[in-house]
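Structure at a glance
What follows is the residue order along each chain.
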Amino acid sequence: QVQLVESGGGLVQAGGSLRLSCAASGRTFSSYAMGWFRQAPGKVREFVAAIGWSGGSTVYADSVKGRFTISRDNAKSTVYLQMNSLKPEDTAVYSCAADTRGISSIRWRVYEYDYWGQGTQVTVSS
């Protein structure tokens, strides 16, 4: 079992920055990959970024590449999402998720992640 709690969301102007955090508990944090997903009103949940168990490998959606950075601190059992140059289209509920069943590669499909946080709202005003 893994429990995930996000924090750091809020309201920011376009061009601004936010840093999301996701604190994990339960299963050994350094044993599984982590991902960030988002869901805007009326849209399906979409992949944002993912990071391998050691932090050495990362994957990003094209829409956030160069603006967002995912990182993790295994000593603190926390994964982060640094979001810079935010755009109104980044407005969504952001959720972190744990992939405890993956073997080696970083995965990006929603159904491949088996534990989810409750989500945190990010609103970017124009």
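Predicted model only: the values in this text are computed from it and were never measured.

A sheet is described by the order of its strands in space; here four strands give the open sequence β1-β3-β8-β7, paired in antiparallel fashion. Either end of the sheet is taken by a strand with one partner, and the two such strands are β1 (2-7) and β7 (68-73). Geometrically, the sheet is characterised by an average inter-axis angle of 15° between neighbouring strands, direction not taken into account. As judged from the six bridges shared by β7 and strand β8 (residues 78-83), these two strands associate in the antiparallel manner. Of the residues in β8, the one forming a bridge with D73 is T78.

For the structure on display, the rule yields five aromatic pairs. Taken together, a centroid distance of 5.7 Å and an interplanar angle of 85° make the contact between F29 and Y32 edge-to-face. According to the relative accessible area criterion, F29 is buried, its value standing at 4%. Pairing F37 with W116 gives two aromatic rings, centres 4.9 Å apart and planes at 55°, and the pair type is tilted. Placement of F37 in strand β4 (residues 33-39) and of W116 in strand β10 (residues 115-116) is noted, with a sequence separation of 79 residues between them. A relative accessible area of 0% means that F37 is categorised as buried.

A few words now on the pattern of salt bridges. When the charged atoms of two side chains lie near each other, side chains of opposite charge can form a pair. One pass over the structure, following the stated rule, counts seven salt bridges. In this structure, R38 and E46 form a salt bridge, with 2.6 Å as the shortest nitrogen-oxygen distance. Taking the shortest distance from any N to any O, the salt bridge between R38 and D90 comes out at 2.9 Å. One end of the pair, R38, is in strand β4; the other, D90, is in the loop between β8 and β9 (92-99), and 52 residues separate them in sequence. D90 gets classed as buried once you look at its relative accessible area, which sits at 1%. Beyond isolated ion pairs, a larger network of salt bridges with shared partners links R38, E46, R67 and D90.

The subject of this paragraph is the state of the cysteines. Among covalent bonds in proteins, the disulfide is the one between the sulfur atoms of two cysteines. A full pass over the atoms with the stated rule returns one disulfide. With a sulfur-sulfur separation of 2.0 Å, C22 is cross-linked through a disulfide to C96. The S-S bond linking C22 to C96 shows a torsion near 60°; that makes this disulfide right-handed. Note that C22 is positioned in strand β3 (residues 18-26) and C96 in strand β9, a separation of 74 residues in sequence. Residues C22 and C96 agree in their burial class; the two are buried.

Definitions and cut-offs
Residues numbered from 1 in each chain as written. Predicted model: local features only at pLDDT ≥ 70, side-chain atom pairs only at ≥ 80, totals over all residues. Heavy atoms only, no water. Pairing = 2+ DSSP bridges. Helix = DSSP H or I, 4+ residues; strand = E, 2+ residues; numbered from the N terminus. Axes fitted to C-alpha atoms, helices over the stretch in contact; angles between N-to-C directions. Phe/Tyr/Trp six-rings, centres within 6.5 Å; stacked < 30°, edge-to-face > 60°. Buried < 20%, exposed > 50% of the residue type's maximum accessible area, 1.4 Å probe, protein only. Salt bridge = Lys/Arg side-chain N within 4 Å of Asp/Glu carboxyl O. Disulfide = S-S within 2.5 Å.

Without other data, these values stay purely geometric and don't point to any function.
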